[in-house]
Amino acid sequence: MKPIRIALTKGRLEKDTVALFDRMGMDTSQVKDKGRRLILPVTDPREPSRSIEVVLAKAADVITYVEHGVCDLGVVGKDTIAESGGSFYEVLDLGFGRCRFALAAPGGSDFFAGYHARTVASKYPNVSRAYFGRKGMDVEIIKIEGSVELAPLLGLSDAIVDIVETGSTLKENGLQVIEDVLPISARVIVNMACMKLRKSEIETLIGSMEQHLCVK
Ligand code: PRP
């Protein structure tokens, strides 16, 4: 039987997930010493049949690989899930990679005052549109690829919707949170067909992940 294949978002979520695998008693030495390799075995020394295969990918690609079933599971931030959507099961909140989406604007400005048309810049236009839709506000959303904090500083937008973790990027650029939009953390997603076809293996793996989560 081929091993369960799990797509991991490269970077911080990768590190936290590998630490979780370590707590589960898995051998993650090949991921830690991966060089330029992108598909790596994570073995279970006590139970070789429970070994898995890790695929390192960018966040949006984790969803693509899981949706298409070339990876059974994925670990990806709620930010990417909320922006991309897609057909998969979201089964577990891993509790790490915690931050939030927030609406932020230059200090002293009153974003909600008056009836003028408002413009908001974001790397996450779908999240932004859904947020203002829930508020019944008609806001122009401008998609920005890089440091979105620049948009209000340059006069392109009244505010931004972006990820806030420590808040220091906002602070150092004279912006402040007006309202939180959505809490974010790493989630486990599962391909819909794999969930049926490999139910017991997937449930065992997810059960073990859940058991070894760090409760903060
Ligand atoms: C995110 C976000 C902010 C920053 C917030 O960018 O877009 O710029 O982190 O973090 P803070 O509240 O701790 O200052 P990231 O560093 O992920 O880079 P990106 O622009 O490539 O998304």
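Structural data are supplied above this passage.
What comes next is a walk through the structure. The residue count restarts for each chain, going from 1 along the sequence in the order it is written. Only residues with pLDDT of 70 or above have their local features reported here, since the model is predicted, and side-chain atom pairs are shown and tallied only from 80 upward, although totals for entire chains, interfaces and linings are computed over all residues. Side-chain numbers here rest on the full set of heavy atoms in the structure, without hydrogens or water.

## Details of the sheet that holds strand 8 (residues 139-143)
If you walk across this open sheet you meet the 5 strands as 8-7-9-6-10, and the pairing is mixed. Strands at the two margins of the open sheet, each flanked by one partner only, are strand 8 and strand 10 (175-184). Strand after strand, the sheet turns through a mean of 25° between neighbouring axes, direction not considered. Against the sheet, helix 5 (residues 125-135) makes contact with strand 6 (99-106), strand 7 (118-122), strand 8, strand 9 (159-164) and strand 10, and its axis sits at roughly 170° relative to strand 8, the strand it touches most. Note: two strands are recorded as paired if DSSP finds a minimum of 2 bridges between them. A run of H or I in DSSP counts as a helix once it spans at least four residues, and a run of E counts as a strand once it spans at least two, with each numbered from the N terminus. A fitted line through C-alpha atoms represents every axis, and for helices the fit uses only the stretch in contact; the resulting angles, taken between N-to-C directions, go from 0 to 180 degrees. Whether two residues are in contact is decided by their heavy atoms, any of which lying within 4.5 Å being enough.

## Description of the nonpolar core
Core analysis: the biggest nonpolar cluster contains 29 residues, and Ile6, Phe21, Ile52, Leu73, Leu94, Ile202 and Met209 have the highest contact counts within it. Mapped by element, the contributors of at least two residues to this core are strand 1 (4-9), helix 1 (12-23), strand 2 (39-42), strand 3 (52-57), strand 4 (73-77), strand 11 (186-190), helix 8 (192-197) and helix 9 (199-211). The set of buried Ala, Val, Leu, Ile, Met, Phe, Trp, Tyr and Cys residues whose side-chain atoms join them within 4.5 Å is what this entry labels a nonpolar core. Note on classification: 1.4 Å probe, protein chains only; a residue is buried when its accessible area is under 20% of the maximum for its type, exposed when over 50%, partly exposed between these limits. Core analysis: the next-biggest nonpolar cluster, separate from the first, contains 16 residues, Phe111, Val127, Ala159 and Val161 among them.

## Some thoughts on the site of the ligand
As a structural note, the neighbourhood of the ligand is formed by Lys123, Glu149, Asp162, Ile163, Val164, Glu165, Thr166, Gly167, Ser168 and Thr169. Glutamate 165 is positioned such that a nitrogen or oxygen atom in its backbone is 2.8 Å from an oxygen atom of the ligand. Throughout this description, a polar contact denotes any pair of N or O atoms lying within 3.5 Å of each other; where both atoms belong to protein, one of them has to be capable of donating a hydrogen while the other can accept it, and for residues adjacent in sequence the pair is counted only when both atoms sit in side chains. With respect to the ligand, the backbone of glycine 167 contributes an N or O atom lying 2.7 Å from an oxygen atom. Every accessible area reported is derived by Shrake-Rupley at a probe size of 1.4 Å, with residue values counting cover from the shown protein chains alone. Here the ligand loses 58% of its free accessible area of 500 Å² to cover by the protein chains. Elements with a contribution of two residues or more to the shell around the ligand: strand 9 and helix 7 (168-172). With 3 residues, the single largest contributor to the shell around the ligand is strand 9. Ten residues, namely Ala, Val, Leu, Ile, Met, Phe, Trp, Tyr, Cys and Pro, are considered nonpolar, four, namely Asp, Glu, Lys and Arg, are considered charged, and the remaining ones, Gly among them, are considered polar. Here the shell around the ligand is composed, by residue class, of 2 nonpolar, 4 polar and 4 charged. Any residue with a non-hydrogen atom lying within 4 Å of a molecule or strand is treated as near it.

## Regarding the packing of aromatic side chains
Here the aromatic set is Phe, Tyr and Trp, taking the six-membered ring for Trp, and pairing holds for ring centres within 6.5 Å; pairs whose planes are under 30 degrees apart are stacked, those over 60 apart are edge-to-face, and all others are tilted. Applying the stated criterion across every chain yields a total of 4 aromatic pairs. Pairing phenylalanine 111 with phenylalanine 112 gives two aromatic rings, centres 5.2 Å apart and planes at 80°, and the pair type is edge-to-face. Given the relative accessible area of 5%, phenylalanine 111 is considered buried. Taking the centre distance of 6.0 Å and the plane angle of 40° together, the rings of phenylalanine 111 and phenylalanine 132 count as tilted.

## Some words on the layout of surface pockets
Here a cavity is any set of points on a 1 Å grid over the protein atoms alone where a 1.4 Å probe fits but cannot get out, and a pocket is any open set with protein on both sides within 12 Å along at least 5 of 7 lines; a residue lines the site when it has an atom within 4 Å of a point. Grid points are joined across faces, edges and corners, and a volume is the space filled by probe spheres set on the points. Taken as a whole, the largest pocket encloses approximately 410 Å³ of empty space. Together, 18 residues line the largest pocket, and Lys123, Tyr124, Asp162, Ile163 and Val164 are the ones closest to its centre. Sorting the residues of the lining of the largest pocket by element identifies helix 4 (78-84), strand 9 and helix 7 as the ones contributing at least two each. Its residues assigned to classes, the lining of the largest pocket comprises 6 nonpolar, 7 polar and 5 charged.

## A few points about a nonpolar patch on the surface
Residues enter patches when they are more than 30% accessible in relative terms and free of salt bridges; like-charged ones are connected within 9 Å and nonpolar ones (Val, Leu, Ile, Met, Phe, Trp, Tyr) within 5 Å. Salt bridges are defined by distance alone: a side-chain nitrogen of Lys or Arg within 4 Å of a carboxyl oxygen of Asp or Glu. A cluster of nonpolar side chains, contributed by Tyr89, Val91 and Met192, occupies part of the molecular surface with about 210 Å² of accessible area. On the secondary structure map, methionine 192 appears in helix 8. What makes methionine 192 partly exposed here is its relative accessible area of 32%.

## Quick word on the pattern of salt bridges
Within the structure shown, the criterion is met by 14 salt bridges. We note a salt bridge from arginine 198 to glutamate 201, for which the minimum N-O separation is 2.8 Å. Counted as one network, the salt bridges with shared partners bring together Lys78, Glu90, Asp93 and Arg187.

## Quick look at helix 1
In a regular helix each residue adds 1.5 Å, so 12 residues correspond to 16 Å; helix 1 covers 17 Å between its end C-alpha atoms and thus fits that length. Along helix 1, the residues that are buried comprise Leu13, Glu14, Thr17, Val18, Leu20 and Phe21. Around the axis of helix 1, the buried residues are gathered within 155° of arc, so they sit on the same side. After helix 1 finishes, the residue glycine 25 shows a positive phi value of roughly 85°. In this analysis, the expected span of each helix is defined as 1.5 Å times one less than the number of residues it contains. It is the directions from the helix axis to the C-beta atoms whose arc is reported.

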